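Geometric and topological summary
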Amino acid sequence: MNDYATRSASTTRFSGERLKRRAGTLAAGAAGAAMLIIVLVAGMWAIEVADYVLPADFDAYGIRSWNLEGLGGIFLAPFLHAGFGHLMANSLPLLILGFLAALRGIGRFLAASLIIIVVSGLGVWFTSSPTTVTVGASGLVFGYFGFVLARGLFDRRAFDIVIGIGVAVAYYSIIWGVLPGEAGISWQGHLFGLVGGIVAAWVLRRKRQAVSAH
């Protein structure tokens, strides 16, 4: 009986320590994610201020569809905006969804961001009018939305599934943005950003070890 009591106490103590480690890891990840996203959005604001103050037109470096020289804009367009109103509209969802996307690690978040930028950018480049120049972080917003939703399904972590459900409930209305609508709004960037987020969640999913029977 004493041996059982000792084992039970040890198991309880081990479980408590494991929970503390997980909580500490999550807290550290949340702090890093928050700092990274704040710096990212602040950088976008700094770029927009510079675009407003300086005589150069930064928006010209966006995605120029069906123009080989415009392919470089795929990596620049997410950080450029057509005015402060455009940037304000993207900032809050970018802060929230970007933070949630970055919770599982900065490296994984950066890889997901790159996949989203490339998929969204190429989609815009191929499907938009040849006379169009596209700028804005909307592709990232929709990409992080798709990434957070799909991550829970592919990783099968209860915590990520709960976050995905919460995001779906809070932001379900943005899904209409993937359909052609208001002139001057790149629904292509929204659609392919969402696709890029789902692709990123699949590519970066947690690998499971195969279990062999003996």
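Let me sum up the structure you'll find in this document. Once a new chain begins, its residue numbering starts again from 1 and follows that chain's sequence as written. In keeping with the predicted nature of the model, local features appear solely for residues at pLDDT of at least 70, side-chain atom pairs appear and are counted solely at 80 or more, and the whole-chain, interface and lining totals rest on all residues. By convention in this description, side-chain values take in all heavy atoms of the structure and omit both hydrogens and water.

1. Points about the overall build of the protein
Test applied: Under the scheme used here, helices are H or I runs from DSSP no shorter than 4 residues and strands are E runs no shorter than 2 residues, and both carry numbers assigned from the N terminus. Exposure is judged per residue with a 1.4 Å probe applied to protein chains only, and the accessible area is read against the type maximum: over 50% gives exposed, under 20% gives buried, and values in between give partly exposed. By the convention used here, residues are in contact when the closest approach between their heavy atoms is within 4.5 Å. Areas reported as accessible are Shrake-Rupley estimates using a 1.4 Å probe. Residue values count occlusion only from the protein chains shown.
Each helix and strand in the protein was counted, giving seven helices and two strands. Reading the helices (α) and strands (β) of the protein from amino to carboxyl end gives α-β-α-α-α-β-α-α-α. Across the 214 residues of the protein, 36% fall into the buried class. Look at the contacts in the protein between residues 6 or more apart in sequence, and 79% of them connect residues 24 or more apart. Taken as a whole, the protein presents about 12300 Å² of accessible surface, with 71% of it coming from carbon and sulfur.

2. A word on the packing of aromatic side chains
Where we set the bar: Each Phe, Tyr or Trp ring, with Trp reduced to its six-membered ring, pairs with another whose centre is within 6.5 Å; inter-plane angles below 30 degrees give stacked pairs, above 60 give edge-to-face pairs, and intermediate values give tilted ones.
With the rule as written, the count across this model stands at seven aromatic pairs. Ring geometry for W45 versus F84: centroids 5.8 Å apart, planes at 25°, classification stacked. Pair noted here: W45 is in helix 1 (residues 2-53) and F84 is in helix 3 (residues 84-102), with a separation of 39 residues, a long-range link. The exposure class of W45 is partly exposed, given its relative accessible area of 29%. Both rings, one in F154 and one in W202, keep their centres 5.3 Å apart while their planes meet at 75°; by these two values the pair is edge-to-face. One end of the pair, F154, is in helix 5 (residues 138-155); the other, W202, is in helix 7 (residues 187-203), and 48 residues separate them in sequence.

3. A short note on the pattern of salt bridges
Defined as follows: Whenever a carboxyl oxygen of Asp or Glu lies within 4 Å of a side-chain nitrogen of Lys or Arg, that contact is scored as a salt bridge.
Taken as a whole and judged by the stated rule, the model has four salt bridges. Residue D155 pairs with R108 through a salt bridge whose shortest N-O separation is 2.7 Å. Separated by 47 residues along the polypeptide, D155 in helix 5 and R108 in helix 4 (residues 106-127) bring together distant segments of the chain. Each of the two residues, D155 as well as R108, counts as buried. Linking D155 and R157 is a salt bridge whose minimum nitrogen-to-oxygen distance equals 3.5 Å. Assessed through its relative accessible area of 0%, D155 is described here as buried. Overlapping salt bridges, with partners in common, bring together R104, R151 and D160 in one network.

4. Concerning unusual backbone geometry
For W66, which is not glycine, the phi torsion reads 60° and is therefore positive. As for its position among the elements, W66 is in the loop between strand 1 (63-64) and helix 2 (73-76). A positive phi is found at R156, a non-glycine position, where the angle reads about 60°. By secondary structure assignment, the location of R156 is in the loop between helix 5 and helix 6 (158-171). For R156, a relative accessible area of 63% puts it in the exposed group.

5. Side note on the nonpolar core
Short version of the rule: We define the nonpolar core as a collection of buried residues of types Ala, Val, Leu, Ile, Met, Phe, Trp, Tyr and Cys that are connected through side-chain atoms lying within 4.5 Å of one another.
Counting residues in hydrophobic clusters, the biggest one holds 37 residues, and the most contacted among them are L94, L97, L140, Y144, F147 and V167. Listing elements by their share of this core, those giving two or more residues are helix 1, helix 3, helix 4, helix 5, helix 6 and helix 7. Among the elements that make up this core, the one with the highest residue count is helix 5 (eight residues). Setting aside its immediate chain neighbours within four residues, L94 contacts I37, V41, M44, F99, A137, L140, V141 and Y144.

Keep in mind these numbers describe shape, not what the thing actually does.
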